[in-house]
Each structure stands twice: as structure tokens, then as C-alpha cells.
Amino acid sequence: RAEYLKAANEDRDAMYDAIDAAIKGDWDLDEELEQIDWVHKAVDPAPAHTLEAAVRILDDVNPEITIQPYDPMMGDADLADEHEKGIRWLLDSASRRRAATIVQDVVASACRYAEVAADVVYLPQQIKDVKAAGGNAKRFEAMNRKGPFAVVVHNPHNVYARYSDYGLEERVICETYDIHD
């Protein structure tokens, strides 16, 4: 099934490869131009600088978390405010367990590929699942002390999904590591 999803995303992968090549300045002269003595390859760092500038500007902006109260006349506005503060705390606590904040990784992925792929892991359920499978959940229990959620942001180039009118139907993650990244 993974091969089917990868084949369905070949055009997208080609576009992502072109984006990565432009950002890394990875390109070659045509063979005809290489034969001319006075023509030399020059790498323009503008794509990388543009991406870095956009990420620097946008990752400092905190997302606005807004919950619309069901009935403001019944005092639901105070409850909505409490929920907004709780969600902000959960986002901040999940960000504390990572090298980069969740917002930084989401912004970098969105600026680079116009797509974000992330898994949100509810650690209490993960602990139950690991224990039910007979595994050692101590690592997850230690992680749970910093908050009940962990967010794993994936490179969208490695995520292959199929959507329908009802939303995401299936997803496969094929992790590929490049020693240069």
C-alpha cells in the first residue's frame, strides 16, 4: 500500500526535490555551457535566505487560540477563556520537550513545502498501550511529567496520504535520512 501512495505522489515529490535543490543551491550547468571557458556556475543563496527570513519572522508569532463560547449569555465566555488558557499551556508544555518549538517547526515546514505533517501523541494513552503490549513505559512516564502531549513534526516529503471528501483516509510515513541534512 505504501508503494501505491508513493506512486500517487510522484509529482509532489519531484516538486519537493526541486524546492530542496533550490534552497541548497544544488544545480549543474548544461553540458553545452560547461564547454564554454568563460561560463562558470554561480549559486544564488536567495531561496535559502528567503526561507530563513520568513521562518525567523513568523516563528516568533504566537498562534492566536480562540474558542467561540456556545452561549455568551450563560457565562460560557469565562469557560471558553479557561479552555483557551489551558490549550496555550498544553502547546507551551509540548514545545518545552523539543529543540525547536512546535510553532517553529510548523512554520518552517509550511514555508518550505506549504504543507505540515505532524503527529500529536497523547502520552497517557501511549503509556497504557505500551504497558498492555508488555513494554517498558518508563520513558513515556518521564515525558508525561512535562505535559500530556508530545508533537512529532515530520518532513512532508516523507509522508504519503490519501484524502477523500470525508478527510484523511490513510497515511504512510517513509522516513528517509540524508547524512547531509
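Higher on the page you've got the structure.
All figures in this text were calculated on a predicted structure; none of them were measured in a lab. (Residues numbered from 1 in each chain as written. Predicted model: local features only at pLDDT ≥ 70, side-chain atom pairs only at ≥ 80, totals over all residues. Heavy atoms only, no water.)

(A) Expanded view of the pattern of salt bridges. Per the stated rule, a full pass over the model turns up 7 salt bridges. Residue R112 pairs with D20 through a salt bridge whose shortest N-O separation is 3.0 Å. With a gap of 92 residues between them, R112 in helix α6 (residues 102-113) and D20 in helix α2 (residues 10-24) connect regions that are remote in the sequence. According to the relative accessible area criterion, R112 is partly exposed, its value standing at 25%. (Salt bridge = Lys/Arg side-chain N within 4 Å of Asp/Glu carboxyl O. Helix = DSSP H or I, 4+ residues; strand = E, 2+ residues; numbered from the N terminus. Buried < 20%, exposed > 50% of the residue type's maximum accessible area, 1.4 Å probe, protein only.)

(B) Representation of unusual backbone geometry in the model. One non-glycine residue, A114, lies in the positive phi region at around 60°. For A114, the location among the structural elements is in the loop between α6 and β1 (117-122). Using a relative accessible area of 70% as the deciding quantity, one classes A114 as exposed.

(C) Up close: the packing of aromatic side chains. Counted under the stated rule, the structure contains 2 aromatic pairs. Measuring from centroid to centroid gives 4.5 Å for Y16 and Y113, while their planes differ by 55°, and the two rings are tilted. One end of the pair, Y16, is in helix α2; the other, Y113, is in helix α6, and 97 residues separate them in sequence. The exposure class of Y16 is buried, given its relative accessible area of 1%. (Phe/Tyr/Trp six-rings, centres within 6.5 Å; stacked < 30°, edge-to-face > 60°.)

(D) Spotlight on a negative patch on the surface. Taken together, the side chains of D26, D28, D30, E31, E32 and E34 make up a negatively charged region of the molecular surface. Its place among the elements puts E31 in helix α3 (residues 31-34). Residue classification places E31 among the exposed positions, given a relative accessible area of 66%. (Patch = residues over 30% accessible without salt bridge, like charges linked within 9 Å, V, L, I, M, F, W, Y side chains within 5 Å. Areas by Shrake-Rupley, 256 points an atom, 1.4 Å probe, with all protein chains shown as cover. Lys, Arg positive; Asp, Glu negative; His and termini not counted. Charge placed at Lys NZ, Arg CZ, Asp CG, Glu CD.)

(E) Quick look at the packing of helix α4 (residues 46-58) against α6. The geometry of α4 relative to α6 is characterised by a closest axis approach of 9 Å and an angle of 145° between their N-to-C directions. Classified by chirality, the crossing of α6 by α4 is right-handed. Residue-level inspection shows L51, A54, V55 and L58 of α4 in contact with α6, the latter providing V107, A108, C111 and R112. Residue classes in the contact of α4 with α6 are distributed as 7 nonpolar, no polar and 1 charged. (Axes fitted to C-alpha atoms, helices over the stretch in contact; angles between N-to-C directions. Left-handed = near helix turned anticlockwise from the far one by under 90°. Contact = heavy atoms within 4.5 Å. Nonpolar A, V, L, I, M, F, W, Y, C, P; charged D, E, K, R; others polar.)

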